[in-house]
Amino acid sequence: KTSKHHALTIRGQPVYMEEDWSSGIGGGLWSTGLALAKYFDTEHAQSQLQRNEIQNVLELGSGNGFLAVCLQAASANLVNLQNIVVTDTKEHIALMEATVAANASLFPSGSTTCVTVQEYLWGTGPIRVQKGDHPCSLPFDLIIGSDLAYRDELHDPLIQ
């Protein structure tokens, strides 16, 4: 069972997240994820987004999708994000989708940002983003993630 709650305010916009610890270790928010989300609300992070003209973002090991929606809140009216691809194992897909849906106000009608939630296991080859019926490759300008290397066996696949 998921539970929605207000987790943070970024650039004056409330950000909600869904939690479901029964979905696995990524079913909630860990302290480093919260720290990175708070960083997105700093002037430094926002200037980096603008300076580097970030358009395509990949979130690895998302768990509940929280960082992706925080990045969208931080980048609103600063950069023209085209794609945010939110990934984790299949056990977390519904939770990531629920968090994105809980933050629908960050992706208003007419928004140019496309959010894709999909399964991806790093180290299994290049990610193919599912755009409708057609998988495609995207050049990612920014790859984000937190709490990704908590087990030794995850290090090598992450580096690949």
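Everything discussed here concerns the structure shown above.
Residues numbered from 1 in each chain as written. Predicted model: local features only at pLDDT ≥ 70, side-chain atom pairs only at ≥ 80, totals over all residues. Heavy atoms only, no water.

## Concerning the environment of Arg-128
Phase 1: By the element assignment, Arg-128 lies in the loop between strand 5 (114-119) and strand 6 (129-131).
Phase 2: Put simply, Arg-128 and Leu-138 are 10 residues apart on the chain and 7.8 Å apart in space, counted from C-alpha to C-alpha. (Helix = DSSP H or I, 4+ residues; strand = E, 2+ residues; numbered from the N terminus.)

## A few points about the packing of aromatic side chains
Phase 1: Taken as a whole, this structure holds 1 aromatic pair when the rule is applied.
Phase 2: An angle of 85 degrees between the planes, with centres 5.6 Å apart, marks the rings of Trp-21 and Trp-30 as edge-to-face. (Phe/Tyr/Trp six-rings, centres within 6.5 Å; stacked < 30°, edge-to-face > 60°.)

## Concerning the sheet that holds strand 3 (residues 56-59)
Phase 1: Read from one edge of the open sheet, 4 strands run 5-4-3-8, paired in parallel fashion. For this open sheet the edge positions go to strand 5 and strand 8 (142-144), each flanked by a neighbour on one side alone. Strand after strand, the sheet turns through a mean of 15 degrees between neighbouring axes, direction not considered.
Phase 2: The sheet contact formed by strand 4 (residues 83-88) and strand 5 spans 6 bridges and is parallel. Bridge pairing in strand 5 links Thr-87 to Gln-118.
Phase 3: Helix 4 (residues 93-102) rests against strand 4 and strand 5 of the sheet, and its axis sits at about 165 degrees to strand 5. (Pairing = 2+ DSSP bridges. Axes fitted to C-alpha atoms, helices over the stretch in contact; angles between N-to-C directions. Contact = heavy atoms within 4.5 Å.)

## Re helix 3 (residues 66-75)
Phase 1: The element helix 3 is largely enclosed, with a buried count of 10 among its 10 residues.
Phase 2: Burial in helix 3 covers these residues: Phe-66, Leu-67, Ala-68, Val-69, Cys-70, Leu-71, Gln-72, Ala-73, Ala-74 and Ser-75. (Buried < 20%, exposed > 50% of the residue type's maximum accessible area, 1.4 Å probe, protein only.)

## Concerning the environment of Val-69
Phase 1: Topologically, Val-69 is positioned in helix 3.
Phase 2: By relative accessible area, which is 1% here, Val-69 ends up buried.
Phase 3: Along the primary structure Val-69 and Gln-118 are separated by 49 residues, whereas in three dimensions their C-alpha atoms are 15 Å apart.
Phase 4: Setting aside residues no more than four positions away along its own chain, Val-69 makes contact with Val-15, Tyr-16, Thr-99, Val-100, Asn-103, Leu-106 and Phe-107.

## With respect to unusual backbone geometry
Phase 1: The backbone of Arg-11 sits at a positive phi, close to 50 degrees, despite the residue not being glycine.
Phase 2: Within the secondary structure, Arg-11 is located in the loop between strand 1 (3-10) and strand 2 (13-19).
Phase 3: Located in the positive-phi region is Glu-53, a residue other than glycine, with phi close to 50 degrees.
Phase 4: On the secondary structure map, Glu-53 appears in the loop between helix 2 (43-51) and strand 3.
Phase 5: With relative accessibility at 60%, the residue Glu-53 sits in the exposed group.

## As for the side chain of Gln-46
Phase 1: Assignment of secondary structure puts Gln-46 in helix 2.
Phase 2: Excluding residues within four positions of it along the chain, Gln-46 makes contact with Arg-11, Phe-40, Asp-41, Ala-74 and Leu-78.

## Quick word on the nonpolar core
Phase 1: In this structure, Ile-10, Val-15, Phe-40, Phe-66 and Cys-70 are the most contacted members of the largest nonpolar core, which totals 28 residues.
Phase 2: Mapped by element, the contributors of at least two residues to this core are strand 1, strand 2, helix 3, strand 4 and helix 4.
Phase 3: Residue contacts for Phe-66: discarding those within four places in its chain leaves Ala-7, Leu-8, Val-15, Tyr-16, Met-17, Leu-29, Ala-37 and Thr-99.
Phase 4: Formed by 8 residues, the second largest nonpolar core is a distinct cluster that contains Leu-58, Leu-60, Tyr-120 and Leu-148. (Core = buried A, V, L, I, M, F, W, Y, C linked by side-chain atoms within 4.5 Å.)

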